[in-house]
Amino acid sequence: HTAHLPANTTRSTMIDTAEPRPFVNAALLPRYASKTVRLVGKTSSGGGAASSGADAVLLSASDGQTVTVKTCGPTSPFLNNTATQFVEVEGVVEADGGACCLREVKTTNFGDKFDMDTHNELCKLSNGDHAALFL
């Protein structure tokens, strides 16, 4: 008996391909206004990037630029001081004039050691000539 899979889902990966979430750095954010993306960043204080009650935190993206992340509330790792030095934020890009920020949907801890330069190259490749390999 074969289990029923959601539409646009492959058995081998169980990834929903209907709405891919591209890897981005800060420079790529404007390209994805109102879309959900994944951005890896370094927290400013390596653990708890915001004080209790804050509604936004700053991350250093893989291209070295600073990105504002609007937190998703009390369950956010940024607010309950469980964020590691490096995190991946899945969020919706909000464009306000020329500035972009992320509205946090989900944050995944990536630990305290992460090669941001290599990840930045991944962002550039996955949004350039080789984008089809990543979506």
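Read on for an overview of the structure. Quick caveat: nothing in here was measured; it's all calculated off a predicted structure.

About the cut-offs
- Residues numbered from 1 in each chain as written.
- Predicted model: local features only at pLDDT ≥ 70, side-chain atom pairs only at ≥ 80, totals over all residues.
- Heavy atoms only, no water.
- Helix = DSSP H or I, 4+ residues; strand = E, 2+ residues; numbered from the N terminus.
- Buried < 20%, exposed > 50% of the residue type's maximum accessible area, 1.4 Å probe, protein only.
- Contact = heavy atoms within 4.5 Å.
- Areas by Shrake-Rupley, 256 points an atom, 1.4 Å probe, with all protein chains shown as cover.

## Describing the overall build of the protein
Piece 1. Per the secondary structure count, the protein includes 1 helix and 6 strands.
Piece 2. Counting helices and strands in the order they occur from the N terminus, the protein gives β-β-β-β-β-β-α.
Piece 3. The buried share among the 135 residues of the protein stands at 37%.
Piece 4. The long-range fraction of contacts in the protein, counting pairs at least 24 apart against all pairs at least 6 apart in sequence, stands at 54%.
Piece 5. Surface exposure of the protein reaches about 7,800 Å², of which carbon and sulfur atoms provide 51%.

## Some details on the environment of Gly-111
Piece 1. Locating Gly-111 in the fold gives a position in the loop between strand S6 (99–109) and helix H1 (116–126).
Piece 2. On the accessibility criterion, Gly-111 (24% relative accessible area) is partly exposed.
Piece 3. Along the chain, Gly-111 and Thr-84 lie 27 residues apart, while their C-alpha atoms are 5.2 Å from each other.
Piece 4. Once residues within four sequence positions are removed from consideration, Gly-111 is found in contact with Thr-84, Gln-85 and Phe-86.

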